[in-house]
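This is what each chain is made of:
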Amino acid sequence: MTERQLIQEILNTVALVYDFENADEDANEYTLLINHQDNNNRDLEAVNKEMRHYFEDANFDYKEELNPTDTDKPADLRVTIKR
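A. Representation of the overall build of the protein in the model. When helices and strands are counted, the protein shows two helices and four strands. Helices and strands in the protein line up, N terminus first, as α-β-β-α-β-β. Taking 2.2 N^0.38 as the reference for a compact globule, 83 residues should give roughly 12 Å; the C-alpha atoms of the protein span a radius of gyration of 12 Å, in line with that estimate. Dimensions of the protein, computed from C-alpha atoms along their principal axes, come out at roughly 35 × 25 × 15 Å. When each of the 83 residues of the protein is scored for burial, the buried share is 34%.

As C-alpha cells, this is what we get:
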C-alpha cells in the first residue's frame, strides 16, 4: 500500500470528504482540505482527535488548522501530515 492509499484509507475510515491541497510525495508531505459529510453531525474537534489518532498510529507528524480561511476551496479543517 502506498502512502497516498494509506492516507485515503484513514480518511475513508473516519468518513470525511477530502481533497489533496498539496501532495509532495518526494518529501512524504501532504496537505489535505477536509469537510464533514452532509449527514455527519459529529463535532469537528472529535473528528480531528480521531483522525489525529489514526495518523499518529501510522507514524505521521500531524498539524491541523480548524476552519482555514486562506484556501481556494471551503474547508472545515486543513491538515498537514508528514512521515
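B. Highlighting the sheet that holds strand S3 (residues 61–66). Read from one edge to the other, the open sheet built from four strands follows the order S1-S2-S4-S3, with strand pairing classed as antiparallel. Looking along the sheet, the strands with just one partner apiece sit at the ends: strand S1 (16–24) and S3. Taking each pair of neighbouring strands and ignoring which way they run, the sheet shows an average axis angle of 20°. Taken together, the six bridges between S3 and strand S4 (residues 77–82) define a ladder with antiparallel strand orientation. Bridging across to S4, Lys63 finds its partner in Thr80. Along the sheet face, helix H2 (residues 44–57) touches S1, strand S2 (29–36), S3 and S4 and points at about 165° away from the line of S3.

The rules behind each value
- Residues numbered from 1 in each chain as written.
- Predicted model: local features only at pLDDT ≥ 70, side-chain atom pairs only at ≥ 80, totals over all residues.
- Heavy atoms only, no water.
- Helix = DSSP H or I, 4+ residues; strand = E, 2+ residues; numbered from the N terminus.
- Rg over C-alpha atoms; globule rule 2.2 N^0.38 Å.
- Buried < 20%, exposed > 50% of the residue type's maximum accessible area, 1.4 Å probe, protein only.
- Pairing = 2+ DSSP bridges.
- Axes fitted to C-alpha atoms, helices over the stretch in contact; angles between N-to-C directions.
- Contact = heavy atoms within 4.5 Å.

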